[in-house]
Amino acid sequence: MTWTQGITIGLALLGATLGVLNTWSQLSKNRVRLRVIPRIAFGIGDAKFLVSGLTQKAKEMLCSARPARLCIEVVNLSAFAVTIQDVGFGCVDVERHSLVQPELSRAKSWPVRLESREAITAYATVGVFGLKPEIVKNAKAYAKTDCGKVWYGSSPIFKAFVAELSMRNQDE
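Structural notes, computed from the coordinates. Worth saying up front: this structure is predicted, and the values here are computed from it rather than measured.

What follows covers the overall build of the protein chain. For the protein chain, the helix and strand inventory stands at 3 helices and 10 strands. Counting from the amino terminus, the protein chain carries its helices and strands in the arrangement α-β-β-α-β-β-β-β-β-β-β-β-α. Classification of the 172 residues of the protein chain by burial places 38% in the buried group. Look at the contacts in the protein chain between residues 6 or more apart in sequence, and 71% of them connect residues 24 or more apart.

What follows is the structure, given as structure tokens:
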């Protein structure tokens, strides 16, 4: 093999690799992508303290009698705007707990349209103990778009909440 043939083969391989990467990038840009994070909001004075991690302080707040509300943060990771029509807990295709007309952060109205890289937090209108154990047994929250795509998410604090709820139901 001569050096010109080697350069030609190298350039052909580089072109083929770049073509595959470009195709993958274009397909990735043209699909809906959301991040769904269930959180617990604790009221401390006039402020809301959102928790998704399972720190010692979060465990103490979860076990205390502080007023708490479930909430779901939805982040639009798509390259285009997306309308969220439904959020809640459980699985969409089976029994679920949908948040009907949730209180939203950022003075938005429901259903909410999220621009690219925009986030919204939907707060449940009731406390944290209104969920049936069957609904939250896999400790997932969901967000459903107008086009029918459903994204699921979980967080350590929500898993701890589900475990606490299960223990309370077994004691009853």
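That shown, we press on.
In this structure the tally under the stated criterion is 1 aromatic pair. Pairing phenylalanine 89 with phenylalanine 158 gives two aromatic rings, centres 5.1 Å apart and planes at 25°, and the pair type is stacked. In this pair, phenylalanine 89 is assigned in strand β4 (residues 82-90) and phenylalanine 158 in helix α3 (residues 156-171), connecting sequence segments 69 residues apart. An identical accessibility class is assigned to phenylalanine 89 and phenylalanine 158; each is buried.

Another point: the nonpolar core. Judged by nonpolar contacts, the single largest core of 28 residues is most densely connected at Ile72, Val74, Ile84 and Val87. At the level of elements, β1 (34-44), β3 (68-76), β4, β7 (112-114), β8 (119-123), β9 (141-145) and α3 are the ones that each hand at least two residues to this core. In contact with isoleucine 72, other than residues within four places in its own chain, are Val36, Ile37, Pro38, Val87, Gly88, Phe89, Leu99, Ile120, Thr121, Ala122, Ala141 and Tyr142.

Next up on the list: the side chain of glutamate 73. Relative to the helices and strands, glutamate 73 is located in strand β3. A polar contact of 2.5 Å, which involves the side chain of glutamate 73, links it to the side chain of arginine 39. Setting aside residues no more than four positions away along its own chain, glutamate 73 makes contact with Arg35, Val36, Ile37, Arg39, Ala119, Ile120 and Thr121.

Scoring rules and cut-offs
Residues numbered from 1 in each chain as written. Predicted model: local features only at pLDDT ≥ 70, side-chain atom pairs only at ≥ 80, totals over all residues. Heavy atoms only, no water. Helix = DSSP H or I, 4+ residues; strand = E, 2+ residues; numbered from the N terminus. Buried < 20%, exposed > 50% of the residue type's maximum accessible area, 1.4 Å probe, protein only. Contact = heavy atoms within 4.5 Å. Phe/Tyr/Trp six-rings, centres within 6.5 Å; stacked < 30°, edge-to-face > 60°. Core = buried A, V, L, I, M, F, W, Y, C linked by side-chain atoms within 4.5 Å. Polar contact = N/O pair within 3.5 Å; in protein donor to acceptor, adjacent residues only side chain to side chain.

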